[in-house]
Amino acid sequence: MKIKLLATAQAPDRYSFSQEIVVANEAGHEKAYDLSSFPEGGGFKEAEKLPSGAQAIRCIERVNGELYVTLVQKVIAGQYPGRKAHWRESPIIDADDYDPNTCYVIPTGMAGVDDYEIVQGVDVAGNTGWTVRKKEIADG
């Protein structure tokens, strides 16, 4: 299975994969999506939402027998002073290579900035997600 991720305000905490089953994990709840019967050339309408209202799966395609699934990854507003970070979708990766501790979506609006990092953060409303901030300088 191949996956890509889109940046959204609501998303599961992490995913796990087993053959053609996607499991979305959110605040201790699991929702399994068995995609094994999704046909070549089939049309995707909508996946069942999680308790938070997040829609974990945004698109499903089967191309030459291979399953391609678009998932979501939670982001919050950028925290780099004077810059607005927007996000674009991730490249396509193998589901086996997915790591829940990695931000796959790509920040934009940071051209010419070399001292930023992508980290898990908290916004002013208490929401958590991936964000862009100025790199912290280690004491030496």
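Provided above is the structure to which this section pertains.
Residues numbered from 1 in each chain as written. Predicted model: local features only at pLDDT ≥ 70, side-chain atom pairs only at ≥ 80, totals over all residues. Heavy atoms only, no water.

Caption draft 1: Expanded view of the environment of Y104. Secondary-structure assignment places Y104 in the loop between strand 8 (93-94) and strand 9 (106-108). Judged by its relative accessible area of 14%, Y104 falls in the buried class. C-alpha separation for the pair Y104 and I93, spaced eleven residues apart in sequence, amounts to 9.4 Å. When residues no more than four places from it in sequence are discounted, the contact partners of Y104 are L5, Q73, S90, P91, I93, D97, Y98 and D99. (Helix = DSSP H or I, 4+ residues; strand = E, 2+ residues; numbered from the N terminus. Buried < 20%, exposed > 50% of the residue type's maximum accessible area, 1.4 Å probe, protein only. Contact = heavy atoms within 4.5 Å.)

Caption draft 2: Representation of the nonpolar core in the model. Counting 34 residues, the largest nonpolar core has I3, Y15, Y33, L35, I57, V69 and L71 as the members making the most contacts within it. Contributions of two or more residues to this core are made by strand 1 (2-8), strand 3 (21-26), strand 5 (57-63), strand 6 (66-74) and strand 11 (128-134). Here Y15 is in contact with L5, V22, V23, A24, N25, A56, L71, V72 and Y98, once residues within four sequence places are set aside. (Core = buried A, V, L, I, M, F, W, Y, C linked by side-chain atoms within 4.5 Å.)

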